[in-house]
Amino acid sequence: MAEILAVVNQKGGVGKTTTTVNLGAFIAARGKKVLLIDCDPQGNATSGLGIAIGSGEPTTYDVLINEMPMIQAIRPTGRKNLWICPADLQLTGAMVELVNAISRETYLKLALEPVAGDYDFVLIDCPPSLGLLTVNALAAATGMIIPIQSEYYALEGVKQLLETLKMIRRHLNPTLEIFGVVITMYDARTQLSAQVAEDVRQHFGDRMFRTMIPRTVRLSEAPSHGQAIGEYDARSRGAESYAALAREVVGRASAGKR
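Residues numbered from 1 in each chain as written. Predicted model: local features only at pLDDT ≥ 70, side-chain atom pairs only at ≥ 80, totals over all residues. Heavy atoms only, no water.

Engineer: Just give me the short version of the pairing of strand β2 (residues 34–38), but keep the residues and values in it.
Structural biologist: For β2, the tally of buried residues reaches five of five residues, placing the bulk of the element in the interior. Residues V34, L36 and D38 of β2 are buried on one face, and the alternating residues L35 and I37, pointing to the opposite face, are buried as well. Relative to strand β4 (residues 82–85), β2 runs parallel, the two sharing four bridges. Residue L36 lies in a different strand from β4, and its bridge partner there is I84. Examined bridge by bridge, β2 and strand β5 (residues 121–125) share five bridges and lie parallel to one another. Looking at β5, one finds that V34 is bridged to F121. (Buried < 20%, exposed > 50% of the residue type's maximum accessible area, 1.4 Å probe, protein only. Helix = DSSP H or I, 4+ residues; strand = E, 2+ residues; numbered from the N terminus. Pairing = 2+ DSSP bridges.)

Engineer: Tell me what's going on with the side chain of T77, and back it up with residues and numbers.
Structural biologist: Looking at where T77 falls in the secondary structure, it is placed in strand β3 (residues 75–79). A distance of 2.9 Å separates the side chain of T77 from the backbone oxygen of L82, its partner in a polar contact. Not counting residues up to four positions away in its chain, the partners in contact with T77 are L49, I51, L82, W83 and I84. (Polar contact = N/O pair within 3.5 Å; in protein donor to acceptor, adjacent residues only side chain to side chain. Contact = heavy atoms within 4.5 Å.)

Engineer: Summarise the nonpolar core; cite the residues concerned and give the values.
Structural biologist: I37, M70, L108, L112, V122, I124 and I148 are the most contacted members of the largest nonpolar core, which totals 56 residues. By residue number, the principal contributor to this core is helix α7 (residues 132–140), which donates seven residues. Discounting chain neighbours no more than four positions away, the residues touching L112 are I4, L35, I37, M70, V122 and A140. Counting 34 residues, the second largest nonpolar core, distinct from the first, contains L49, A228, A246 and V249. (Core = buried A, V, L, I, M, F, W, Y, C linked by side-chain atoms within 4.5 Å.)

By themselves these figures say nothing about function.
In structure tokens form, the structure reads like this:
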């Protein structure tokens, strides 16, 4: 059974898509079959892998709104063991169209069930909100990965996310757990980053990954070339960090630590 992980934080700019794409690429490089689901209307996980969506080509929108079987929307990324269900701005409409739908929170879960067994990991890139697209991702997931940016008030927005987690457990997905928390944009030269990391460690304990993702220009540059960081600069600190995070994620999944 696949480990289905929603990469989620309602704050923008914390590294959700960067984490989804690069974590997925490095897990795939370890020989695991990985499906990325782009659930963000910005479609950055899709474009970040160099994938262009032509007119009429199926996307996550078609899966959620047009009841298209997900297997028809999934496409190879050109990387071994890595596939994607892509998205574009059309997905913005899904947030409106789902509002009056029956069982609107479970569309993604139902669509994913027939294909999840084909993969070892499913990573869902969530939008920067706690709307219906994120709720669908959490209803479908076995666990959450929460990227937290190394900055002031880093934990402030997480409180609302944890309240949403309680609601999802109560009504939609009683086994949903926090799979892990990862510090992003970490700057070892600053006292602030060290303090944020310590605050997160005290709050989440062993749910916090040992690996912290550094603030680095190379990570920001890679998506503009349609590449994961391991392709763009395999020797960079960003590549080394995401490779280490992938090892932790695979190890934690193997050990059943959720």
